[in-house]
Amino acid sequence: MALPLKFLSRGLASAAKGDHGGAGAGTWRFLTFVLALPSVALCTVNCWLHLGHHERPEFIPYHHLRIRTKPYAWGDGNHTLFHNPHVNPLPTGYERP
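Residues numbered from 1 in each chain as written. Predicted model: local features only at pLDDT ≥ 70, side-chain atom pairs only at ≥ 80, totals over all residues. Heavy atoms only, no water.

*Asks:* Got a minute to help me understand the overall build of the chain in this structure?
*Replies:* What the chain contains, in helices and strands, is two helices and zero strands. Put simply, the chain has 97 residues, and 5% of those count as buried. Of the contacts formed within the chain by residues at least 6 apart in sequence, a portion of 38% connects residues at least 24 apart. (Helix = DSSP H or I, 4+ residues; strand = E, 2+ residues; numbered from the N terminus. Buried < 20%, exposed > 50% of the residue type's maximum accessible area, 1.4 Å probe, protein only. Contact = heavy atoms within 4.5 Å.)

*Asks:* Would you take a moment to explain the packing of aromatic side chains for this structure?
*Replies:* Within the structure shown, the criterion is met by two aromatic pairs. With a centroid separation of 6.1 Å and an interplanar angle of 75°, the aromatic rings of Phe 59 and Tyr 94 are classed as edge-to-face. Of this pair, Phe 59 sits in the segment after helix H2 (23-49) while Tyr 94 sits in the segment after H2, and the two are 35 residues apart along the sequence. Since its relative accessible area comes to 21%, Tyr 94 is described here as partly exposed. Between Tyr 72 and Trp 74, the aromatic rings sit 5.3 Å apart at their centres with planes inclined by 15°, giving stacked as the arrangement. (Phe/Tyr/Trp six-rings, centres within 6.5 Å; stacked < 30°, edge-to-face > 60°.)

*Asks:* Even after reading the chapter, I still don't get the state of the cysteines, so can you show me in this structure?
*Replies:* A covalent bond between the sulfur atoms of two cysteines is referred to as a disulfide. Across all of its chains, the model carries zero disulfides by this definition. Unpaired in this structure, Cys 43 has its nearest cysteine sulfur neighbour in Cys 47, at a distance of 6.8 Å. (Disulfide = S-S within 2.5 Å.)

*Asks:* Whenever I open this one, a nonpolar patch on the surface confuses me. Can you help?
*Replies:* Judged by side-chain polarity, Trp 28, Phe 30, Leu 31, Phe 33, Val 34, Leu 35 and Leu 37 come together as a nonpolar surface patch covering roughly 770 Å² of accessible area. By the secondary structure assignment, Leu 35 is in helix H2. Exposure remark for Leu 35: the relative accessible area of 52% places this residue in the exposed category. (Patch = residues over 30% accessible without salt bridge, like charges linked within 9 Å, V, L, I, M, F, W, Y side chains within 5 Å. Areas by Shrake-Rupley, 256 points an atom, 1.4 Å probe, with all protein chains shown as cover. Salt bridge = Lys/Arg side-chain N within 4 Å of Asp/Glu carboxyl O.)

Keep in mind these values describe shape, not function.
Pasting the structure below:
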């Protein structure tokens, strides 16, 4: 007398419906092509239109920022590992180009 294997399987929502995905898959495919991809394209166009050189803000030496209690282990000890001289100021201000 063997036990039916149906009792050992998990009953998930898609398995209870009988088909894999059903109308939900069509809805998500429609939303992907009609909503998601045009949104990504619109954001890309927006980035390209606003692309340009922005001037850096004036340096204000706040006391709670850029605190160096000990030097970094690389370089001269004052520059961070991914230092960008156009964007990242040192404790004394921006570097001269």
